[in-house]
Amino acid sequence: MTILLGLEGTAWNLGAALVSEESVLYEAESTYKPKYGGIHPREAAQHHAAELKEVVSRVLTGAKEKEAGFSLTRIDAIAFSQGPGMGPCLRTVATAARALSLSFKIPLIGVNHCVAHIEIGRWRCGVRDPVILYVSGANSQVLAYRSGRYRVLGETLDIGIGNALDKFARYLGLSHPGGPKIEELASKGTTYLYMPYIVKGMDLSFSGLTTAAKEAIDSHPDEKEDVCYSFQETAFAMLTEVTERAMAHCGKDELLLAGGVGANRRLQQMLRTMCHDRGGTFYVPENRYLKDNGAMIAYLGLLMLTSGVTTPIESSRVKPNYRPDEVEVTWRN
Ligand code: AMP
Ligand code: MG
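This is a predicted model, so every value here is computed, not measured.

Trainee: Looking at this structure, how should I read unusual backbone geometry?
Mentor: The residue after Gly 83, namely Pro 84, is reached through a cis peptide bond having omega -5 degrees. Its place among the elements puts Pro 84 in the loop between strand 4 (77–83) and helix 2 (87–104). Note the cis peptide between His 176 and Pro 177, where omega equals -5 degrees. Inspection of the secondary structure assignment puts Pro 177 in the loop between helix 4 (161–171) and helix 5 (179–186). At Lys 105, a residue that is not glycine, the phi angle is positive and equals roughly 55 degrees. Relative to the elements of secondary structure, Lys 105 occurs in the loop between helix 2 and strand 5 (108–112).

Trainee: What is the right way to look at the domain arrangement of the protein in this model?
Mentor: Much of the literature gives interface size as the accessible area that the parts lose upon coming together. Splitting the protein by domain gives domain 1 (3–117 + 289–326) and domain 2 (128–288). Put simply, the middle of domain 1 and the middle of domain 2, counted by C-alpha atoms, are 27 Å apart. In this complex, domain 1 contributes 19 residues to the contact, which on the side of domain 2 involves 23 residues. Buried surface at the junction of domain 1 and domain 2, summed over both partners, amounts to about 1700 Å²; 60% is from carbon and sulfur atoms. Looking at the side of domain 1 facing domain 2, the largest losses of area belong to Tyr 289, Leu 290 and Asp 325, adding up to 39% of the total buried there. At the surface where domain 1 touches domain 2, the tally comes to two salt bridges. Across the pair Glu 155 and Arg 323 runs a salt bridge whose closest N-O atoms are separated by 3.1 Å. Sort the elements by how many residues they give to the side of domain 1 that touches domain 2 and helix 3 (residues 113–125) lands first, with four residues. Split by residue class, the side of domain 1 that touches domain 2 holds nine nonpolar, five polar and five charged.

Trainee: Looking at this model, I keep getting lost on the sheet that holds strand 5. Mind explaining?
Mentor: Across a sheet, paired strands are connected by hydrogen bonds in the backbone, their directions being either parallel or antiparallel. The strand order across the open sheet built from five strands is 3-2-1-4-5, with neighbouring strands paired in mixed fashion. The two strands at the open ends of the sheet, each matched to only one other strand, are strand 3 (24–31) and strand 5. Each strand of the sheet is rotated relative to its neighbour by a mean of 20 degrees, with strand direction disregarded. Summarising the sheet, strand 1 (residues 3–8) and strand 4 pair through four bridges and their orientation is parallel. Across the sheet, residue Leu 4 finds its bridge partner in strand 4, namely Ala 77.

Reading the values: the criteria
Residues numbered from 1 in each chain as written. Chains lettered and ligands numbered in written order. Predicted model: local features only at pLDDT ≥ 70, side-chain atom pairs only at ≥ 80, totals over all residues. Heavy atoms only, no water. Helix = DSSP H or I, 4+ residues; strand = E, 2+ residues; numbered from the N terminus. Domains from an automatic or database assignment. Contact = heavy atoms within 4.5 Å. Buried area = accessible area lost by both parts, 1.4 Å probe. Salt bridge = Lys/Arg side-chain N within 4 Å of Asp/Glu carboxyl O. Nonpolar A, V, L, I, M, F, W, Y, C, P; charged D, E, K, R; others polar. Pairing = 2+ DSSP bridges. Axes fitted to C-alpha atoms, helices over the stretch in contact; angles between N-to-C directions.

Next comes the structure, spelled out in structure tokens:
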């Protein structure tokens, strides 16, 4: 059995997990919550630095208690999220990963956070070759595997959908993360107010929509629910349209949803209906594997290690703009 320790900390969630080929052995996390406003990269990094020791030791002692015969010497490698993400957060976690790799004398593996979202979803849902809709705070991308890489077929041209929801929520005076609060308000909306629908070929834009939603609140301060409803309906229809076109273009009939915004039930419902209408199948993992988590980093590390890929310390610099299509997929054929 191969066992990987994975560390995640690209943004606000610090996570650690031990994963084998068969299962997630143990997980722990600690989440940075901004006192006001959005995520402050340096504050988030300070949170990670302060919590790392506790989170890692919780995983190691937890695994010892839960799994008979588990010891530190059973860990085969350390995986960490090398990017994309916030520079200060990435550097904090990478430093810890390097230190653990050196002190345990085991290989280090730098993994791409987006590809990790995809692979944990494929694993948990048992889906082979889906089109992927990855929607998180900073990212919104439609991807599919072709000739050794996850190709980005379409993406946001400005902000990620999660970021758009969080910004609008902040304007409503709601605390971070705003997505679930907007979902709650939207579920009570009944009237669709006009919102700009911006799809350019396979790409999307959410910043104009966010501005329009703020203006709608200024002019209809008592219609929060309807504005949230209209914002969601518009943004999710845009995402569904581009995803459907990607599925048609690739001739793939399976869809995998990934990323924190994937927890939204209205988005899930729209995508499920679209897949159903095309005779396809919709897959979504449990919420804890949609949001950022250590298990996905450990799991992708495991796939990389077993396909012969490790990261020498000299190449372990963090990559804040690391794109999924930069990664050579060595574990699929
Ligand atoms: P991630 O970057 O993958 O950790 O995802 C975080 C983003 O997901 C934040 O922007 C949240 O507001 C958003 N999010 C979490 N839950 C929901 C939800 N139920 N509906 C919409 N957005 C959500
Ligand atoms: Mg993420």
